[in-house]
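Spelled out from the first residue to the last, the chains are:
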Amino acid sequence: MATASGAKVDPDTLQVLRDVANRLRIHSIRATCASSSGHPTSCCSAAEIMAVLFFHTMRYKQTDPEHPDNDRFVLSKGHAAPILYAVWVEVGGLSESDLLNLRRIHCDLEGHPTPRLPFVDVATGSLGQGLGAACGMAYTSKYFDKASYRVFCLMGDGEASEGSVWEALAFASHYSLDNLVAIFDVNRLGQSGTAPLAHGTDIYEKRCQAFGWNTYVVDGHDVEALCQAFWKAAQVKNKPTALIAKTFKGRGIPNIEDEENWHGKPMPKDSADGIVKVIESQIQTNRNLTPKPPIEDSPQISITTIKMTSLPAYKLGDKVATREACGLALSKLGHTHKRVIVLDGDTKNSTFSEIFKKEHPERFIECFIAEQNMVSVALGCATRGRTIAFVSTFAAFLTRAFDQIRMGAISQTNINFIGSHCGVSIGEDGPSQMALEDLAMFRSIPTCTVFYPSDAVSTEHAVYLAANTKGMCFIRTSRPKTAVIYAAQETFGIGQAKVICHSADDKVTVIGAGITLHEALAAADKLSQEGIFIRVIDPFTIKPLDAATIICSAKATGGRIITVEDHYREGGLGEAVCAAVSREPGIVVHQLAVTEVPRSGKPSELLDMFGISARHIIAAVKDTLVK
């Protein structure tokens with residue numbers, strides 16, 4: 001093992017590490033051959049890196065891969081999953097027979113890693129995202145847990161073309177994540193050809209250094225050089241470390257090593273045994289190394305059953321923007337539980353997350369204008385139940401992170417998203433800032449609960465409910481100040497709508513949310529003066545939708561429903577309602593929504609121009625009654 005100076009590793013250990021690396025190659029070749037699919041050449045370039053990491057450098061409990069004090073590992077180049085599974089065959093967590101079921105429908109060893117497996121924290125495979133998640137884990141270790149566990153992220157050189165990688169590099173440097181090591185597996189070849197920098201390790205090094213990282217260029221197949229580089233990385237303070245490892249794709253496979261057109265192709269079955277024999281001939285020992293145990297110094301925490309400590313402090317009729325109520329609720333929640341954290345993308349003075357920052361500065365993460373990385377960092381922070389993470393920015397800007405969000409669902413994460421400045425009601429800033437697609441986006445995520453609170457009281461409840469809800473949550477908040485319509489004592493539940501006004505004489509059910517609920521209430525007031533009564537529903541959650549309440553109200557109002565939303569027609573509230581009532585005969589839904597790209601203007605002007613103001617609701621009600 002490494003001496004005090006870190007300069008030497010004994011020859012016997014080095015040989016075992018070389019042999020482990022070759023066994024990992026053999027496992028990867030056999031597994032992909034059995035499944036007739038996979039990426040053995042991508043595995044082979046990383047074999048020595050994986051051997052050194054898991055059997056020399058990392059500290060973890062073999063029998064408890066989810067232990068909070070274990071070092072973390074993220075396989076950002078997720079297509080090399082077989083070599084990660086091979087590691088756990090060697091560690092003892094999987095059997096060789098498990099490995100031969102790779103990619104089969106009833107086997108959890110999927111084509112790319114997912115947290116169905118206890119040794120996988122985050123799903124990877126959509127490239128360029130692993131380092132951001134690793135940043136979140138390292139940030140949590142250094143600033144929240146104040147613990148000794150370290151984080152290692154193995155990346156492919158091809159994914160270094162993704163901008164999100166450089167967002168993560170900037171983040172890690174800015175926050176001095178000296179407990180983070182990124183390994184670039186520079187094997188020269190991408191999926192369809194040569195990676196842009198080929199084997200230009202000096203260029204990778206200069207770029208990482210320019211981002212403020214400590215760097216080492218190593219021969220990625222030299223286990224001694226890898227041992228020393230990882231040891232040196234552990235001594236560096238105030239800087240993350242990047243290992244730029246020059247490797248060869250398909251290393252060890254005759255006639256295939258460093259050759260193009262072998263990405264994602266298993267070895268031909270008639271030559272696989274011969275390839276395995278060639279690699280086996282290089283193995284000199286049958287030993288394994290026992291990983292060092294972790295330093296157990298992270299605090300014990302529980303993030304379950306978070307309760308409101310007091311009722312919302314709002315009075316009926318108060319004018320409060322739901323975005324501000326959300327910031328106040330987050331701050332209040334932060335006093336309730338010390339593991340509540342908030343991440344924002346340089347919008348804190350508009351989203352009101354600055355209220356949380358003022359009250360809990362040590363638990364606020366400024367991610368700057370890098371929304372993709374912000375989502376990945378939150379994903380890392382939320383792993384192993386270490387934090388209750390809220391991601392806050394303009395809802396429109398979350399759309400650029402949709403890939404990270406959908407990967408969060410595959411990662412089984414519990415991140416909570418808050419998207420402010422939704423719809424045309426934001427006013428003069430214009431369409432680039434108006435979220436009009438966000439409901440469609442978050443509704444499409446299978447694990448996501450979608451809240452759309454309409455006043456300050458319901459917003460505060462949405463924040464607390466999200467903190468306690470498994471899976472991802474999205475809370476949609478509005479810019480304009482709107483009246484408080486619920487008493488402080490009102491209770492709320494996921495999938496439970498509120499019937500705001502109703503009578504036995506109601507002729508139409510109108511469903512609005514956020515700003516349009518207030519327009520619907522204004523329309524109801526004016527219509528009542530003409531002797532026309534409508535039922536107004538606040539859905540509170542768009543997903544799950546309270547279909548029972550909606551259907552019951554529709555049947556009581558002659559099967560007539562009008563939905564009105566500050567969102568494009570596609571994928572929003574109206575389509576959710578249509579889906580909910582689709583099997584109910586005699587119910588007709590008329591949708592009011594934004595149907596074209598909007599423009600700048602005053603909020604009231606825009607609501608009217610794009611057909612979702614009280615005036616248009618009144619006209620739609622009258623038109624519905626005529627038909």
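These figures come from a predicted structure and were not determined experimentally.

A. Quick look at the packing of helix H6 (residues 130–145) against helix H14 (residues 371–382). Two elements in contact, H6 and H14, have axes whose closest approach is 6 Å; the angle formed by their N-to-C orientations is 50°. When the axes of H6 and H14 are compared, the pair comes out oblique. Remark: the crossing between H6 and H14 carries right-handed chirality. Together, Gly-132, Ala-133, Cys-135, Gly-136, Met-137 and Thr-140 of H6 and Asn-373, Ser-376, Val-377, Gly-380 and Cys-381 of H14 make up the contact between the two elements.

B. Inspection of the packing of aromatic side chains at higher detail. Evaluated as defined, the whole model comprises 20 aromatic pairs. Note on Trp-88 and Phe-119: the rings are 4.9 Å apart at their centroids and 10° apart in plane angle, and the pair reads as stacked. With Trp-88 in helix H4 (residues 81–91) and Phe-119 in the loop between helix H5 (96–99) and H6, this residue pair connects regions lying 31 residues apart in the sequence. Following the ring pairs from residue to residue traces out a cluster consisting of Phe-54, Tyr-60, Phe-73, Tyr-85, Trp-88 and Phe-119. Above the ring of Phe-492, the side-chain terminus of Lys-498 is found at 4.8 Å from the ring centroid.

C. Layout of the packing of helix H1 (residues 11–35) against helix H3 (residues 47–57). The interhelical angle for the contact between H1 and H3, taken along N-to-C directions, is 120°, at an axis separation of 8 Å. Considering the angle they form, H1 stands oblique to H3. The hand of the H1/H3 crossing is right-handed. Residue-level inspection shows Thr-13, Leu-17, Val-20, Ala-21, Leu-24 and Arg-25 of H1 in contact with H3, the latter providing Ala-47, Glu-48, Met-50, Ala-51, Val-52, Phe-55 and His-56. Across the contact of H1 with H3, the residue classes tally to nine nonpolar, two polar and two charged.

D. Spotlight on the nonpolar core. By size, the foremost hydrophobic cluster in this structure holds 82 residues, and its most contacted members are Leu-131, Leu-180, Phe-184, Leu-343 and Phe-417. The element contributing the most residues to this core is H6, with eight residues. For Leu-343, the contacting residues outside a window of four places in its chain are Ile-365, Cys-367, Met-374, Val-377, Ala-378, Ala-389, Phe-390, Val-391 and Ser-392. Ala-81, Leu-99, Leu-226 and Leu-289 belong to the second-largest nonpolar core, a separate cluster that totals 56 residues.

E. Inspection of the side chain of Thr-477 at higher detail. Tracing the backbone shows Thr-477 in the loop between strand E12 (472–476) and strand E13 (481–483). For Thr-477, a relative accessible area of 0% translates into the label buried. Filtering out sequence-adjacent residues up to four positions away, Thr-477 remains in contact with Thr-322, Arg-323, Cys-326, Ile-418, Gly-419, Ser-420, His-421 and Cys-422.

F. Quick look at the domain arrangement of the chain. Annotation of the chain at the domain level lists domain 1 (11–281), domain 2 (318–484) and domain 3 (498–626). Of note, the centres of domain 2 and domain 3, computed from C-alpha atoms alone, are 25 Å apart. Each side of the interface is counted separately: domain 2 has 36 residues, and domain 3 has 33 residues. For the pair domain 2 and domain 3, the summed buried surface comes to about 2,500 Å²; carbon and sulfur atoms form 62% of the total. If you look at where domain 2 meets domain 3, you find one salt bridge. No other element matches helix H17 (residues 438–443), which puts five residues into the side of domain 2 that touches domain 3. Grouping the amino acids of the side of domain 2 that touches domain 3 by side-chain chemistry returns 21 nonpolar, nine polar and six charged.

Each value, and the rule that gives it
- Residues numbered from 1 in each chain as written.
- Predicted model: local features only at pLDDT ≥ 70, side-chain atom pairs only at ≥ 80, totals over all residues.
- Heavy atoms only, no water.
- Axes fitted to C-alpha atoms, helices over the stretch in contact; angles between N-to-C directions.
- Helix = DSSP H or I, 4+ residues; strand = E, 2+ residues; numbered from the N terminus.
- Parallel < 35°, antiparallel > 145°, perpendicular 65-115°, else oblique.
- Left-handed = near helix turned anticlockwise from the far one by under 90°.
- Contact = heavy atoms within 4.5 Å.
- Phe/Tyr/Trp six-rings, centres within 6.5 Å; stacked < 30°, edge-to-face > 60°.
- Lys NZ or Arg CZ within 6 Å of the ring centre and 35° of its normal.
- Nonpolar A, V, L, I, M, F, W, Y, C, P; charged D, E, K, R; others polar.
- Core = buried A, V, L, I, M, F, W, Y, C linked by side-chain atoms within 4.5 Å.
- Buried < 20%, exposed > 50% of the residue type's maximum accessible area, 1.4 Å probe, protein only.
- Domains from an automatic or database assignment.
- Buried area = accessible area lost by both parts, 1.4 Å probe.
- Salt bridge = Lys/Arg side-chain N within 4 Å of Asp/Glu carboxyl O.

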